[in-house]
Amino acid sequence: GAGVSQSPSNKVTEKGKDVELRCDPISGHTALYWYRQRLGQGLEFLIYFQGNSAPDKSGLPSDRFSAERTGESVSTLTIQRTQQEDSAVYLCASRSTGGPDGYTFGSGTRLTVV
Amino acid sequence: GNSVTQMEGPVTLSEEAFLTINCTYTATGYPSLFWYVQYPGEGLQLLLKATKADDKGSNKGFEATYRKETTSFHLEKGSVQVSDSAVYFCALRFGGANSKLTFGKGITLSVRP
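Scoring rules and cut-offs
- Residues numbered from 1 in each chain as written.
- Chains lettered and ligands numbered in written order.
- Predicted model: local features only at pLDDT ≥ 70, side-chain atom pairs only at ≥ 80, totals over all residues.
- Heavy atoms only, no water.
- Contact = heavy atoms within 4.5 Å.
- Buried area = accessible area lost by both parts, 1.4 Å probe.
- Salt bridge = Lys/Arg side-chain N within 4 Å of Asp/Glu carboxyl O.
- Polar contact = N/O pair within 3.5 Å; in protein donor to acceptor, adjacent residues only side chain to side chain.
- Helix = DSSP H or I, 4+ residues; strand = E, 2+ residues; numbered from the N terminus.
- Nonpolar A, V, L, I, M, F, W, Y, C, P; charged D, E, K, R; others polar.
- Buried < 20%, exposed > 50% of the residue type's maximum accessible area, 1.4 Å probe, protein only.
- Pairing = 2+ DSSP bridges.

A.B. asks: I would appreciate a short explanation of the interface of chain B and chain A in the present structure.
C.D. replies: Size of an interface, as often reported, equals the accessible area lost when the parts are brought together. With 18 residues of chain B in contact, the opposing surface of chain A contributes 22 residues. Buried surface at the junction of chain B and chain A, both sides included, amounts to about 1600 Å², of which 49% is carbon and sulfur. Between the two partners, chain B and chain A, sit 1 salt bridge. For D56 of chain A, the salt bridge is made with K100 of chain B, and the minimal N-O distance between the two is 3.8 Å. In this structure, the connection of chain B to chain A is made through 4 residue pairs in polar contact (both at pLDDT 80 or more). For the side of chain B that touches chain A, the secondary structure elements donating two or more residues are β5 (32-38), β6 (45-50) and β10 (86-93) of chain B. Taken together, the residues that form the side of chain B that touches chain A break down as 8 nonpolar, 5 polar and 5 charged.

See the structure below:
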């Protein structure tokens, strides 16, 4: 597509439930990143996928967080047993290896855990 | 670790005013530096960048100079417009273009007509 698409745009969930967030990167973009932004905080790096290489998971805050990516297409970020501190905007970005510098970000998923 | 510090916001200016948004960084070595902007309802997008000391990035009337001696990358614009109202994020990156970015908290700019 023309841009990075994220769904849902908003999600309200009860504490303890699992949630799945989706990111559709720009077609052909080999690199994909997940960030989150909690209220009043900067963007925190979560995980990075590059082609078929092992993902860089160094930013995942706990083992309740996981992410997958199928080839160079869709990625899903899963949060298990959600906690109130997981409330944030989750942003996905992609870029093309060898392409112009700079990520293309989606509009994000606003997650609220009640 | 590496970090980016931005001035506290929000910032409200009248149209045609001069804008400065401060950004300083803490890092071991010399990262590439970026400003990203998020307009209402849109995703973050790259505004400008600088990859080495004394480089000046510029775009859409905005400028920022990479100052190694003060570890700063302040964003400036001589005359802001209502359409510049957005959230501005300063960021740094080590390594190649696929390396991850480290962002500041962002600052909201509102420009009054």
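A.B. asks: Sorry if this is basic, but what is going on with the pairing of strand β10 (residues 109-113) of chain A here?
C.D. replies: For a regular strand, the rule is simple: side chains alternate between the two faces of the sheet. Residue and element names in this part refer to chain A. Of the two faces of β10, only one is covered, namely that formed by T109, L111 and V113; the face formed by R110 and T112 stays uncovered. In this sheet, β10 lies alongside strand β2 (residues 10-13) in parallel orientation, the contact comprising 4 bridges. Opposite K11, over in β10, you have L111 as the bridge partner. Where strand β8 (residues 88-95) and β10 come together, 3 bridges link them in antiparallel fashion. Bridge pairing links Y90 to T109 in β10.

A.B. asks: What is the right way to look at unusual backbone geometry in this model?
C.D. replies: Generally, phi is negative for residues other than glycine and the peptide bonds are trans, each holding for most cases. Look at the link from S7 of chain A to P8 of chain A: it is a cis peptide, with omega at -10 degrees. Here P8 of chain A shows up in the loop between β1 (5-7) and β2. Residue G9 of chain B is joined to P10 of chain B through a cis peptide bond whose omega torsion reads -5 degrees. With respect to the helices and strands, the residue P10 of chain B is situated in the loop between β1 (3-6) and β2 (11-14). Of note in the backbone geometry, E16 of chain B takes a positive phi value of approximately 75 degrees without being a glycine. Here E16 of chain B shows up in the loop between β2 and β3 (19-21). Classification of E16 of chain B as exposed rests on a relative accessible area of 60%. Backbone geometry places T71 of chain B, a non-glycine residue, at a positive phi of 40 degrees. Relative to the elements of secondary structure, T71 of chain B occurs in the loop between β8 (62-65) and β9 (75-77).

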